[in-house]
Amino acid sequence: MAKPVEIPEAKFDEAVLKAKIPVLVDFWAPWCGPCRMVAPVVDELAGEYDGKVSFFKVNVDDNPAIASRYGVMSIPTLIIFKSGQPVANMVGFRPKAELKKSLEKAI
Amino acid sequence: MNNPQKKYDIVIIGGGPAGLTAGIYAARSRQSTLLIEKGAIGGQIINAAMVENYPGYTDGISGIDLTGAMHKQATKFGMETLYAEVTGITISGDLKIVRTSGGDFAAAAVILAGGSERQKLGVSGEAAFTGRGVSYCATCDGAFFRDKEVAVVGGGNAAITEAIELTRFASRVTVIHRRNELRATKIVQEKAFADPKIKFLLETVVEEILGNNSVDRIKIRDLKSGQVSLLKLSGVFVNVGSQPATGYLKDLVKLDNNGAIIVDERLETSVPGIFAAGDIRSGSIRQVISAAGDGAMAAVNAGKYISG
């Protein structure tokens, strides 16, 4: 089953901005409780949307430049990219149904 | 998906310390038990980096580790977990029908443990800047404010603990509180007063949050003089208390003036067989340990109710 892939700064542009299909990026950090709660939901979605949406995780601790490029000041933040552009920005824990709605819109 | 006719001895609504402890007690006493959670297991305490007053943990434990262990423990005894939102409860003879976004379930007894919802400040700019300088979780977001000035709004335990935590990152933390004294426990207050990075603006309220792409200042009012001024900062951490999450229950069980569920000494609500535990009930002291205690008591009394 497809799983979200942890992505370093150096590979972000190639993997996310040049992707042919929509991409969901989960900005997280190990110290953040709600981030650890979002993770299993994102894992499930990665399985359900395999082939339709790519899933990546950005550890904001290790990659502060990407977080600041997209104005992330609160985690967890999930951003959906389409053709290199952010099309949805969701701050904080969201129920799975709400995330699915945003993904459906992006597909 | 879920069989709508599925019946349990006990259905627990809410996956915080109250619901999880009820789950441990109910499942361990061999009642078939379903816990329904609409968001994430753990409740509000998952935002706490360190719980220092839960008995048995001399060095403290994080909220997420503590509640994660409770969930594992309840699951070990056979409790099932459903992630869904409860939309209503109806009474059908001896059974309670719990309607959820994931199907309907019948229960001999129900334990309401949905806790409370964080209150917003309700000022202009708050919603627009959420995630852009307005935060409801210092543990999550503190690191984004390294060497920056921030404010914490509120005077309770959670607010003052957040302020202390934020001094690890922020260059200055201003606590803004509408009353002339803090509500936080003395030991927490002493720690905050001793910290040179923390400044206090008491009898002061936030009127507006301002900025361009992100927060750069707030408008505050001194309640004594009525004077309005601007405070330059990059972050506003809101911690002004919470409201019992009883919106969907107001036509079912009796609530007090604050919207909390009225219970008797056995934690039974105005409806026989429906119990309430933790922050959601009237008179709760809103601590993990008291929520856990409530959960145990509600589960034991629900068991007695079922066996008659």
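Residues numbered from 1 in each chain as written. Chains lettered and ligands numbered in written order. Predicted model: local features only at pLDDT ≥ 70, side-chain atom pairs only at ≥ 80, totals over all residues. Heavy atoms only, no water.

Asks: Can you tell me about the nonpolar core, naming the residues and giving the values?
Replies: Membership of the largest hydrophobic core comes to 42 residues, with the highest contact counts inside it found for Phe12(A), Phe27(A) and Ile75(A). Contacts of Phe27(A), omitting those with residues within four sequence positions, involve Val58(A), Val60(A), Ile66(A), Ala67(A), Tyr70(A), Val72(A), Ile75(A), Pro76(A), Thr77(A) and Ile79(A). Membership of the second largest hydrophobic core comes to 30 residues, among which are Ile24(B), Ile41(B), Ala298(B) and Ala302(B). (Core = buried A, V, L, I, M, F, W, Y, C linked by side-chain atoms within 4.5 Å. Buried < 20%, exposed > 50% of the residue type's maximum accessible area, 1.4 Å probe, protein only. Contact = heavy atoms within 4.5 Å.)

Asks: Run through the packing of helix α1 (residues 17-28) of chain B against helix α2 (residues 63-76) of chain B, naming residues and quoting values.
Replies: Residue and element names in this part refer to chain B. Direction vectors running N to C along α1 and α2 enclose 25°, while the axes themselves pass 8 Å from each other. For the element pair α1 / α2, the angle class is roughly parallel. Between α1 and α2 lies a crossing whose hand is left-handed. Seen from α1, the contacting residues are Pro17, Leu20, Thr21, Gly23, Ile24 and Ala27; seen from α2, they are Thr67, Met70, His71, Gln73 and Ala74. (Axes fitted to C-alpha atoms, helices over the stretch in contact; angles between N-to-C directions. Helix = DSSP H or I, 4+ residues; strand = E, 2+ residues; numbered from the N terminus. Parallel < 35°, antiparallel > 145°, perpendicular 65-115°, else oblique. Left-handed = near helix turned anticlockwise from the far one by under 90°.)

Asks: Hey, could you go over helix α2 (residues 33-48) of chain A for me, with residue numbers and the actual values?
Replies: In a regular helix each residue adds 1.5 Å, so 16 residues correspond to 22 Å; α2(A) covers 24 Å between its end C-alpha atoms and thus fits that length. Turning to α2(A), its buried residues number three or more, namely Gly33(A), Pro34(A), Cys35(A), Met37(A), Val38(A), Ala39(A), Val41(A), Val42(A), Leu45(A), Ala46(A) and Gly47(A). Where α2(A) is buried, its residues contact β2 (23-28), β3 (54-59), β4 (77-82) and α4 (96-106) of chain A together with α2 and α3 (138-141) of chain B. (Expected span 1.5 Å × (residues − 1).)

Asks: So, the pairing of strand β13 (residues 215-222) of chain B: which residues are in play, and what are the values?
Replies: Residue and element names in this part refer to chain B. Where strand β12 (residues 204-211) meets β13, seven bridges bridge the pair, whose relative direction is antiparallel. Paired with Ile209 across the bridge in β13 is Ile218. Pairing geometry for β13 and strand β14 (residues 228-232), over five bridges, is antiparallel. Bridge pairing in β14 places Lys219 opposite Leu230. As consecutive antiparallel partners, β13 and β14 are separated by five residues, and within that stretch Gly226 has a phi angle of approximately 80°, a positive value. (Pairing = 2+ DSSP bridges.)

Asks: Talk me through the interface of chain B and chain A; I want residue IDs and the actual numbers.
Replies: Counting residues at the interface gives 21 residues for chain B and 18 residues for chain A. Carbon and sulfur atoms make up 65% of the surface buried where chain B meets chain A, a total of about 1500 Å² over both sides. Of all residues in chain B, Ile64(B), Cys140(B) and Phe144(B) give up the largest surface area on contact with chain A, accounting jointly for 34% of the area buried on that side. Seen at the junction of chain B and chain A, the total is one salt bridge. Where Asp65(B) meets Arg36(A), a salt bridge forms, and the shortest distance between an N and an O atom there is 3.3 Å. Here chain B and chain A share four residue pairs in polar contact (both at pLDDT 80 or more) between them. Top contributing element to the side of chain B that touches chain A by residue count: α3(B), with three residues. In terms of residue class, the side of chain B that touches chain A is built from eight nonpolar, nine polar and four charged. (Buried area = accessible area lost by both parts, 1.4 Å probe. Salt bridge = Lys/Arg side-chain N within 4 Å of Asp/Glu carboxyl O. Polar contact = N/O pair within 3.5 Å; in protein donor to acceptor, adjacent residues only side chain to side chain. Nonpolar A, V, L, I, M, F, W, Y, C, P; charged D, E, K, R; others polar.)

Asks: Outline the environment of Lys3(A), supporting the account with residue identities and numerical values.
Replies: All names here are of chain A. In this fold, Lys3 is placed in the segment before β1 (5-6). The class of Lys3 is exposed, set by a relative accessible area of 54%. Taking the C-alpha atoms as reference points, Lys3 and Val23, 20 residues apart in sequence, are found 13 Å from one another. Ignoring anything within four residues of it in the chain, the contact list for Lys3 reads Asp43, Ala46 and Phe55. Polar side-chain contacts of Lys3 include one of 3.2 Å to the side chain of Asp43.

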